[in-house]
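Notes for the structure review
The residues making up each chain are set out below.
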Amino acid sequence: ILEQVGPAIHQAMLRSIENAYYSSIEKPNFSPREYEILKALIEGKPLPAMSVYFGTSQRTLQTQLGNIYRKLGVDNRVAAIAKSYEMGIDKFGML
């Protein structure tokens, strides 16, 4: 029985440590729209596809991406994705 409980307890401990770590990281205050755009960015959607999906011009979307980058303290798409994962944000939401 201990062999079966051992891995479950180990996984629970890891989840607890991860949750404590991610909750200790200060996350930017994204608007709901910025958060949706960030998730699309993480999914790898190109700017034209995101523009169609969100029903907005590419210029407006670039402005919104600039706001996201500023809040994350980065200056490009790759850095934004990396910083998001570092903060515990993935395409499914907050970790």
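Before reading further, recall that the structure is shown in the block above.
Predicted model only: the values in this text are computed from it and were never measured. (Residues numbered from 1 in each chain as written. Predicted model: local features only at pLDDT ≥ 70, side-chain atom pairs only at ≥ 80, totals over all residues. Heavy atoms only, no water.)

Some words on the pattern of salt bridges
Defined as follows: Every case where a carboxyl oxygen of Asp or Glu lies within 4 Å of a side-chain nitrogen of Lys or Arg is listed as a salt bridge. Per the convention used, a helix needs a DSSP run of H or I reaching at least four residues, while a strand needs a run of E reaching at least two, with both numbered from the N terminus. Relative accessibility decides the category of a residue: with a 1.4 Å probe and only protein chains considered, values under 20% of the type maximum give buried, values over 50% give exposed, and everything between is partly exposed.
The full count for this structure, using the stated rule, is 3 salt bridges. Residues Glu36 and Lys39 are paired through a salt bridge, measuring 3.3 Å at the closest nitrogen-oxygen approach. Taken together, the positions of Glu36 and Lys39, both in helix 2 (residues 32-43) and 3 residues apart, correspond to about one turn of that helix. In this structure Glu36 comes out as partly exposed when scored by relative accessible area, which is 34%. In this structure Lys39 comes out as buried when scored by relative accessible area, which is 17%. A salt bridge links Lys45 to Glu43; the shortest N-O distance between them is 2.8 Å.

Here's the deal with the packing of helix 2 against helix 5 (residues 77-86)
For any two helices packed against each other, the geometry comes down to the angle between their axes and how far apart the axes lie. For the record, the criterion: Here an axis means a line fitted to C-alpha atoms, over the contact stretch when the element is a helix, while the angle between two N-to-C directions is reported on a 0 to 180 degree scale. The labels follow the angle: roughly parallel below 35 degrees, roughly antiparallel above 145, roughly perpendicular from 65 to 115, and oblique for the rest. Note on definitions: a residue-residue contact is assigned when non-hydrogen atoms from the two residues lie within 4.5 Å. Residues are grouped as follows: nonpolar covers Ala, Val, Leu, Ile, Met, Phe, Trp, Tyr, Cys and Pro; charged covers Asp, Glu, Lys and Arg; every other residue, Gly included, is treated as polar.
Interhelical geometry of helix 2 versus helix 5 gives an angle of 105° and a closest axis separation of 10 Å. Relative to helix 5, the element helix 2 lies roughly perpendicular. Residue-level contacts link Leu38, Leu41 and Ile42 of helix 2 to Arg77, Ala80, Ile81, Ser84 and Tyr85 of helix 5. When grouped by side-chain class, the residues that make up the contact of helix 2 with helix 5 number 6 nonpolar, 1 polar and 1 charged.

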